[in-house]
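The chain contents come next:
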Amino acid sequence: MEDRHLLISDVDGTLLGDDRALQNFAEWYGQRQDRLRLVYNSGRLVPSIIESIETTGLPAPDAIIGGVGTQIREYPSNGEIGHWPAQTQSWQPLKICDLLSEYSELEMQPAEFLADYKISYYVADAPAELLAEIRRRLEEISCPVDLIYSSHRDLDVLPRGVNKGTASAYLASYWSIPESNVFVSGDTGNDLELFNNGFRGIVVGNAHPELKSLNSDLIYQATQSHAAGVQEGLNYWFNQ
Ligand code: GLC
């Protein structure tokens, strides 16, 4: 294995979900941590991921991307890495909340899940037309956003161009790691953008259909679930 590789992985349902498999993964990673950097990339905010690192078998990472790509922090210092998100002039949370309050089918998530650059709602089985309409209406009032809908339930509203994928690309570039040396793994729709940046993708076996249907030379569909699926994918990519 050559130097400077990076694994950027989603947490819930991807690395977490099978304690035994996670333990195997942690042991495998422990033998390689001098050559493989590890980053957790979650829809949850950074403090919540830190809590999981402290209370589960998740090995200590080098950094955490939290809030669906809106936060990047070094671990364990919790210091910011670079300047991210970079472009936020057009982010106007009050205007966004105001417009979205017209939609009774959207229920705002509890305050503990919201952050400076992340407004999230629950909306069951949102049709694509609804998402397109919201995106268009926000554009009309000069509020361009990224809308990330996942798990038939979670709607994340983020500054345009900010998501799990762009945050990962920023971090890899900040660390000067070429995209071909970056592995990404996930299980639901908020991971979709991870698979659009030239990285080597791993979809775990227990993934939702929104990722299972992806078909590309840069995406390995693992048969095993959770951390075992991540490891299966890493074995595949390292043997290419
Ligand atoms: C996590 C976050 C939630 C977000 C979801 C999808 O569950 O806590 O706020 O909507 O991920 O990104």
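To be clear, the structure that these remarks concern was listed above.
Values in this document were obtained by computation on a predicted structure and should not be read as measured data.

Novice: Help me out: how do you make sense of the pattern of salt bridges in this one?
Specialist: Pairing between side chains becomes possible if they bear opposite charge and their charged atoms approach one another. Applying the stated rule across the entire model yields 9 salt bridges. Put simply, arginine 44 and aspartate 12 hold a salt bridge, and the shortest N to O gap is 2.8 Å. In this pair, arginine 44 sits in the loop between strand 2 (36-41) and helix 2 (46-55) while aspartate 12 sits in the loop between strand 1 (5-9) and helix 1 (19-30), placing the two residues 32 residues apart along the sequence. On the basis of relative accessible area, arginine 44 is assigned to the partly exposed category, the value being 21%. Judged by its relative accessible area of 35%, aspartate 12 is partly exposed. Put simply, arginine 160 and aspartate 146 hold a salt bridge, and the shortest N to O gap is 3.9 Å. Within this pair, whereas arginine 160 is found in the loop between strand 8 (154-159) and helix 5 (164-174), its partner aspartate 146 is found in strand 7 (residues 145-150), the two being separated by 14 residues in sequence. Owing to a relative accessible area of 38%, arginine 160 belongs among the partly exposed residues under this scheme. Beyond isolated ion pairs, a larger network of salt bridges with shared partners links Asp10, Lys164 and Asp191.

Novice: Looking at this structure, how should I read the pairing of strand 8?
Specialist: Along a regular strand, successive side chains alternate from one face of the sheet to the other. Of all 6 residues making up strand 8, 6 are buried, and the element is well covered by its neighbours. Bridge count between strand 6 (residues 119-122) and strand 8: 4 bridges; the pairing is antiparallel. What sits directly across from serine 120, in strand 8, is aspartate 156. With 6 bridges connecting them, strand 7 and strand 8 associate as antiparallel partners. Its bridge partner lying in strand 8, aspartate 146 is registered against leucine 158. Taking the residues that link successive antiparallel strands as the turn, the strand 7-strand 8 hairpin has 3 residues, and the phi of serine 151 there is positive, at about 55°.

Novice: For this particular structure, what's the right way to read the layout of surface pockets?
Specialist: Over the atoms, a rolled probe matching the size of one water molecule traces out where space is still vacant. Of the pockets and cavities examined, the largest pocket occupies roughly 340 Å³. Contributing to the lining of the largest pocket are 20 residues, with Gly43, Arg44, Arg153, Asp154 and Asn190 lying nearest its centre. For the lining of the largest pocket, the residue count by class is 4 nonpolar, 7 polar and 9 charged.

Novice: Just checking my understanding: could you explain the site of the ligand for this structure?
Specialist: Around the ligand sit Gly43, Arg44, Val68, Gln109, Phe113, Lys118, Ser120, Ser150, Asp154, Asp156 and Asn190, and that is every residue in its neighbourhood. At 2.7 Å from an oxygen atom of the ligand is found a side-chain nitrogen or oxygen belonging to lysine 118. Between an oxygen atom of the ligand and a side-chain N or O atom of aspartate 156, the distance comes to 2.6 Å. Taking 310 Å² as the accessible area of the ligand by itself, protein coverage stands at 86%. The site holding the ligand turns out to be the largest pocket.

Novice: Teacher, can you tell me more about unusual backbone geometry here?
Specialist: One can expect most non-glycine residues to show negative phi and most peptide bonds to be in trans. For the bond running from tyrosine 75 to proline 76, omega is 10°, close enough to zero to count as cis. With respect to the secondary-structure elements, proline 76 resides in the loop between strand 4 (71-74) and helix 3 (93-100). With omega at -5°, the peptide bond leading from tryptophan 84 into proline 85 counts as cis. Inspection of the secondary structure puts proline 85 in the loop between strand 4 and helix 3. You will see that serine 176, though not glycine, has its phi angle at about 55°, which is positive. Along the polypeptide, serine 176 turns up in the loop between helix 5 and strand 9 (182-186). Overall, serine 176 belongs to the exposed group, its relative accessible area being 54%. For histidine 226, which is not a glycine, the phi torsion comes out positive at approximately 50°.

How each quantity is defined
Residues numbered from 1 in each chain as written. Predicted model: local features only at pLDDT ≥ 70, side-chain atom pairs only at ≥ 80, totals over all residues. Heavy atoms only, no water. Salt bridge = Lys/Arg side-chain N within 4 Å of Asp/Glu carboxyl O. Helix = DSSP H or I, 4+ residues; strand = E, 2+ residues; numbered from the N terminus. Buried < 20%, exposed > 50% of the residue type's maximum accessible area, 1.4 Å probe, protein only. Pairing = 2+ DSSP bridges. 1 Å grid on protein atoms, 1.4 Å probe; cavity = no way out; pocket = protein on both sides within 12 Å on 5 of 7 lines; lining within 4 Å. Points joined across faces, edges and corners; volume = space filled by probe spheres on them. Nonpolar A, V, L, I, M, F, W, Y, C, P; charged D, E, K, R; others polar. Near = heavy atom within 4 Å. Polar contact = N/O pair within 3.5 Å; in protein donor to acceptor, adjacent residues only side chain to side chain. Areas by Shrake-Rupley, 256 points an atom, 1.4 Å probe, with all protein chains shown as cover. Sits in = over half its atoms within 2 Å of the grid points.

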